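Examining the three-dimensional arrangement
Listed below, chain by chain, are the residues.
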Amino acid sequence: MSRSVEGVANWMHLFRWIVKLIRDEYGVDEKILVRTAILETDCGLSIEQVEEVLDIIAESFDIRFPAGTLDEVVKLEELCMLAAWLKGLFKRPEFLSDGYGEACRSLNAAAA
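Just so you know, these numbers come straight off a predicted model, no measurement behind them.

**Some remarks on the nonpolar core**
- Among the nonpolar cores identified, the biggest contains 36 residues, and Ile18, Ile22, Ile57, Phe65, Leu76, Leu79 and Leu82 are the most heavily contacted of them.
- Sorting the residues of this core by element identifies helix 1 (11-26), helix 2 (47-61), helix 4 (76-87) and helix 5 (98-107) as the ones contributing at least two each.
- A per-element tally of this core places helix 1 first, with eight residues.
- If we skip the residues at most four places from it in the chain, Leu79 touches Ile18, Leu39, Val53, Leu54, Ile57, Phe65 and Val73.

Shown next as structure tokens:
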């Protein structure tokens with residue numbers, strides 16, 4: 001399931017990588033894949049598909065999403081910011097709950 005992450009050097013590249021993943025894997029029109037798009041309703045992804053996206057991101061970037069990720073992440077932008085933080089490419093997103101943030105840190109050394 002791992003995909004090439006060559007050229008992903010900052011959070012903007014990671015955002016673009018995730019957009020391409022969702023576009024290519026699930027056939028979602030890029031016009032819909034904007035920062036504020038809600039993964040399930042706007043993008044039309046099922047819970048299972050969002051979980052698959054998380055698995056692909058985790059494996060490709062060698063990061064781990066803690067339990068409860070789908071309770072913390074609703075929008076495409078939130079998913080991208082979280083993944084970028086876990087990889088060490090972005091600061092900790094403010095929308096994360098304290099407990100979830102600590103769980104992220106315990107699983108991902110790059111999340112500072």
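**Some details on the pattern of salt bridges**
- Under the criterion given, the structure shown has six salt bridges.
- A salt bridge links Arg23 to Glu30; its shortest N-O distance comes to 2.5 Å.
- The closest approach of N and O atoms between Arg105 and Glu102, which form a salt bridge, is 3.0 Å. Of this pair, Arg105 and Glu102 both sit in helix 5, separated by three residues, roughly a single helical turn.
- With a relative accessible area of 48%, Glu102 lands in the partly exposed category.
- Because the salt bridges share partners, they merge into one network encompassing Arg16, Arg23, Asp24 and Glu30.

Definitions and limits used
- Residues numbered from 1 in each chain as written.
- Predicted model: local features only at pLDDT ≥ 70, side-chain atom pairs only at ≥ 80, totals over all residues.
- Heavy atoms only, no water.
- Core = buried A, V, L, I, M, F, W, Y, C linked by side-chain atoms within 4.5 Å.
- Buried < 20%, exposed > 50% of the residue type's maximum accessible area, 1.4 Å probe, protein only.
- Helix = DSSP H or I, 4+ residues; strand = E, 2+ residues; numbered from the N terminus.
- Contact = heavy atoms within 4.5 Å.
- Salt bridge = Lys/Arg side-chain N within 4 Å of Asp/Glu carboxyl O.

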